[in-house]
Amino acid sequence: MASRRELINQLRAEYQAETDPDRRQQIEVVYDQALEASEKLAAHQIGANTVEYEAAIAELETSVEELKKARQDLADFAETINKVATAVDMLAKVAKKVAGGI
Amino acid sequence: MALSFTQGYGRRARQRSADCKLGRMLALSGMVLALGACGLSVEQRDAVRQFSLASNSFGTVTAGVVEALPARVAQVNMYDLALTPDKDKIDFDGPFNERDVAARVKAAKTIQEYGALLLALVDANEAATLQKAGGKFTASVRSLDENQVLSDDQLDSIGKIIVGIGGLWIDRQAAEALKQIVPATDPQIAKLGDLFAGEFNKDGPVPEYMDARAFQLEKNAGKALEGKVQPGDRFVGSEALRLAGTTIRETNTVYPPIADAAMDMVAAHGKMVTALQTGDVSFASIRAFAKRVEDLAAAAAVFAGS
């Protein structure tokens, strides 16, 4: 079965090919009606889909947040090692000063 | 300077002890290397990387196309109004009001962000921070080791081991996060992929609406140009005809590839899930998705700003 869009394309081709003014006028009436109906149905469908997009986004955002947290955890882990290294370095310096009688 | 027996013995003993400690650290790093096997294989990493780049690009291009929809519809409607003065009212943005556009742009941008985060996780190494930490450890030990029991090479090895162990731990954690999060995200990617595919395929509501508006404009412009109009009106008529043609071409060239790429994204994500779960990596659908997005980006670029 032809889709709505295919039917409209057919009407468009017929309208453009028609040379007889009266016949063209008749086709135009049907063509206009088809275009208007097609527009309304498509617009309705687009509006209805919006709610579905919004629901799907909310769920995907949860995964995005989990990925962000996982990425941050890795950075935190490296930073912790760095902090420990800094602390060890400071302790080493203090120990050296103590050993040298400050 | 000659060493006494006790001095020499003590130094050799410390050296042996240091060698022994270094040996143990190397053995430990070997164990951690084995632990690193729990990270991702080169193929798994590549699969995630290729999907990430393609999905990031898909999100960027699709968001751009959707953002341009209200302006395109408004342009068409404006010319249509100029050609049909008896029309008493017109909805300039058509079905693309703020909420409708925002939902689709956000969906595309969330896919884009998902791709970017996958890439950030698969390529996470924190090398700079770990190098800094390794350098600090080495410097600390060196400053305390007044008798120079450890050679510079041995000290450098300790630094490298710290960097290596940290890196492997990060690899392992990143792999675990990906293996947990990516399969759980599959239904959401499938849902959004289906929505984009359903809306932008050649019979979907977005091409249908855009064609209907463009065909109406084309018909009215044609009638205006058939005669009985002033030179000024002819200019409006020809501009309207040009705009209708551009809109029709854009509808056929850009929107269906969004649907195709969205379906490919769903298939590729499924393959990435399999790759992460079983290690069985199949690149065909991931590469097909990447190629489709490349074509989509090229098609969208032709009409950007037209």
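These numbers come from a predicted model, not from an experiment. (Residues numbered from 1 in each chain as written. Chains lettered and ligands numbered in written order. Predicted model: local features only at pLDDT ≥ 70, side-chain atom pairs only at ≥ 80, totals over all residues. Heavy atoms only, no water.)

### Focus: the nonpolar core
- Grouped together as the largest cluster of nonpolar side chains are 81 residues, with contacts concentrated most on B:Phe51, B:Phe58, B:Phe96, B:Tyr114, B:Leu118, B:Leu178 and B:Phe200.
- When contributions to this core are tallied by element, the ones reaching two or more residues are helix 2 (21-99) of chain A together with helix 2 (42-83), helix 3 (98-122), helix 4 (127-144), helix 5 (152-200), helix 6 (205-225), helix 8 (255-278) and helix 9 (284-303) of chain B.
- Broken down by element, the residue count for this core peaks at 17 residues, all from helix 5 of chain B.
- Contact partners of B:Phe51, with chain neighbours within four places excluded, come to B:Tyr114, B:Leu118, B:Met265, B:Ala268, B:His269, B:Met272, B:Ile286 and B:Phe289. (Core = buried A, V, L, I, M, F, W, Y, C linked by side-chain atoms within 4.5 Å. Buried < 20%, exposed > 50% of the residue type's maximum accessible area, 1.4 Å probe, protein only. Helix = DSSP H or I, 4+ residues; strand = E, 2+ residues; numbered from the N terminus. Contact = heavy atoms within 4.5 Å.)

### What about empty space enclosed by the protein?
Residue and element names in this part refer to chain B.
- Applying the stated rule across the entire model yields one cavity of 30 Å³ or more.
- Around the largest cavity, the lining residues are Leu 40, Arg 45, Leu 121, Val 122, Asp 171, Ala 174, Ala 175 and Leu 178.
- Within the residue set of the lining of the largest cavity, elements represented by two or more residues are helix 3 and helix 5.
- Broken down by element, the residue count for the lining of the largest cavity peaks at four residues, all from helix 5. (1 Å grid on protein atoms, 1.4 Å probe; cavity = no way out; pocket = protein on both sides within 12 Å on 5 of 7 lines; lining within 4 Å. Points joined across faces, edges and corners; volume = space filled by probe spheres on them.)

### Here we look at the interface of chain A and chain B
- With 54 residues of chain A at the interface, the matching set in chain B holds 66 residues.
- Contact between chain A and chain B buries roughly 5300 Å² in total, counting both sides, with carbon and sulfur atoms accounting for 64%.
- When the buried area of chain A at its contact with chain B is split by residue, A:Arg5, A:Tyr53 and A:Leu67 rank highest and sum to 16% of it.
- In this structure, the connection of chain A to chain B is made through 13 salt bridges. (Buried area = accessible area lost by both parts, 1.4 Å probe. Salt bridge = Lys/Arg side-chain N within 4 Å of Asp/Glu carboxyl O.)

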